[in-house]
Amino acid sequence: MREAWTGGTKLLAAAGVAGVVGFLFAMDVGPREARLVTKALPMVCLLAWLWPARGRYARFIFAGLALSLLGDTLLEVSPDLFLPGLGAFLLAHVGYTAAFVSVTRRGGLLRALPFLLLAVGASVLLWPGLGDLAGPVTAYVAVISTMGWRAAALMGSPALTRREQWLAFGGALLFSASDGLLSIRLFVTPLPGLGYAIMLLYWAAQFCIAASTRAAHAPATVPVSSSSLT
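A quick note: this is a predicted structure, and the numbers were derived from the prediction, not measured.

Turning next to the overall build of the protein chain. For the protein chain, the count of helices and strands is 8 helices and 0 strands. Reading the helices (α) and strands (β) of the protein chain from amino to carboxyl end gives α-α-α-α-α-α-α-α. The C-alpha extent of the protein chain, read off along each of the three principal axes, is 50 × 45 × 25 Å. Taking all 230 residues of the protein chain together, the buried fraction comes to 46%. Accessible surface, the protein chain: about 11,000 Å² in total, of which carbon and sulfur atoms supply 73%. In the protein chain, 16 side chains carry a positive charge and 9 a negative one; their mean positions are 16 Å apart.

If you walk through the whole model with that rule in mind, you get 8 aromatic pairs. Residues phenylalanine 82 and phenylalanine 187 carry aromatic rings whose centres are separated by 6.5 Å and whose planes lie at 75 degrees to one another, so their mutual orientation is edge-to-face. Of this pair, phenylalanine 82 sits in helix α4 (residues 82-103) while phenylalanine 187 sits in helix α7 (residues 162-187), placing them 105 residues apart in sequence. Overall, phenylalanine 187 belongs to the buried group, its relative accessible area being 17%. Following the ring pairs from residue to residue traces out a cluster consisting of Phe89, Phe175 and Tyr202. The cationic tip of arginine 150 hangs over the ring face of tryptophan 149; the distance from NZ or CZ to the ring centre is 4.7 Å.

What follows concerns the nonpolar core. With 53 residues, the main nonpolar core has Tyr57, Ile61, Leu65, Tyr96, Phe100 and Phe175 as its most contacted residues. Residue contacts for leucine 65: discarding those within four places in its chain leaves Met43, Leu46, Leu47, Leu50, Tyr96, Gln206 and Ala210.

Right, let's talk about the environment of alanine 14 for a bit. Relative to the helices and strands, alanine 14 resides in helix α1 (residues 7-26). Separated by 104 residues in the primary sequence, alanine 14 and leucine 118 have C-alpha atoms spaced 36 Å apart.

Within the secondary structure, threonine 97 sits in helix α4. Within the local environment of threonine 97, its side chain forms a polar contact with the backbone oxygen of histidine 93, the two atoms lying 2.7 Å apart.

Peptide bonds are, in most cases, trans, and in most cases residues other than glycine have a negative phi. For the bond running from tryptophan 51 to proline 52, omega is -5 degrees, close enough to zero to count as cis. Along the polypeptide, proline 52 turns up in the loop between α2 (32-50) and α3 (56-77).

As enumerated under the stated definition, the model contains 2 salt bridges in all. Between arginine 35 and glutamate 76 there is a salt bridge whose closest N-O contact spans 2.7 Å. A residue pair is termed long-range when its members are at least 10 positions apart, and arginine 35 in helix α2 and glutamate 76 in helix α3 qualify at 41 residues. No difference in accessibility class separates arginine 35 from glutamate 76, as the two residues are buried.

Here the focus is the packing of α1 against α2. Taken N-terminus to C-terminus, the directions of α1 and α2 make an angle of 155 degrees; their axes are 8 Å apart at the nearest point. The angle between the axes of α1 and α2 places the two elements in the roughly antiparallel class. Relative to α2, the crossing made by α1 is left-handed. Contacts from Thr9, Leu12, Ala15, Gly16, Gly19, Val20, Gly22, Phe23 and Ala26 of α1 reach α2 at Ala34, Arg35, Thr38, Lys39, Leu41, Pro42, Cys45, Ala48 and Trp49. Along the lines of polarity and charge, the residues of the contact of α1 with α2 split into 11 nonpolar, 5 polar and 2 charged.

Looking at the protein chain, the pLDDT average stands at 89 and 90% of residues meet or exceed 70. No element of the protein chain has a lower mean pLDDT than α1, which averages 92, and none a higher one than α4, which averages 97. Here residues 215-230 is modelled with pLDDT under 50, and outside its nearest four sequence neighbours on either side it reaches 41 contacts, counting other chains as well.

Calculation rules
Residues numbered from 1 in each chain as written. Predicted model: local features only at pLDDT ≥ 70, side-chain atom pairs only at ≥ 80, totals over all residues. Heavy atoms only, no water. Helix = DSSP H or I, 4+ residues; strand = E, 2+ residues; numbered from the N terminus. Buried < 20%, exposed > 50% of the residue type's maximum accessible area, 1.4 Å probe, protein only. Areas by Shrake-Rupley, 256 points an atom, 1.4 Å probe, with all protein chains shown as cover. Lys, Arg positive; Asp, Glu negative; His and termini not counted. Charge placed at Lys NZ, Arg CZ, Asp CG, Glu CD. Phe/Tyr/Trp six-rings, centres within 6.5 Å; stacked < 30°, edge-to-face > 60°. Lys NZ or Arg CZ within 6 Å of the ring centre and 35° of its normal. Core = buried A, V, L, I, M, F, W, Y, C linked by side-chain atoms within 4.5 Å. Contact = heavy atoms within 4.5 Å. Polar contact = N/O pair within 3.5 Å; in protein donor to acceptor, adjacent residues only side chain to side chain. Salt bridge = Lys/Arg side-chain N within 4 Å of Asp/Glu carboxyl O. Axes fitted to C-alpha atoms, helices over the stretch in contact; angles between N-to-C directions. Parallel < 35°, antiparallel > 145°, perpendicular 65-115°, else oblique. Left-handed = near helix turned anticlockwise from the far one by under 90°. Nonpolar A, V, L, I, M, F, W, Y, C, P; charged D, E, K, R; others polar. pLDDT = per-residue confidence, 0-100.

In structure tokens form, the structure reads like this:
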């Protein structure tokens, strides 16, 4: 991750913000083409910001961002592509989880408990409205909850700086909040204006996760701990 605000970084930041603002304006009333372009632009800018992704941790994060971009595109193209889009995001969370596990394999079993309760509670809340999507959505809830647990397990790891740990963990929490609101809108009740909060949380989550990577994290310099954390 290049931390200096070079001309290229400033240009990517400006383009990403323009995409965010553009999509928020076009989300409910704009043509599909405008939504596609503006929704994809922030993720394209994050991918360009991370390129080239050096080290195992950064490469897994890069793959997760790319899969998220695919999911964004599929979901925006047509409602009929909901399942493929959901699958792309599920694989994105697998990528993020792999990145976190590549840093530390410590158990963090006590840290897993809140995410287990979250997964069970979300499944119970959503189940009545899921219908034929019960299986895929439940699998997705399990995967994103696992991703959150592994992000929590990063805290205290010597392989990342304190700032990077909090960025990864914060990103996982923001992603869970965004998807939680989205699931409520889709399967419980379509509250007005919820889409704006969903997208802002989503982009904040992706930015935090992307910013948790640094070019200095090469495989040879990432110690992996197998000890349990309680």
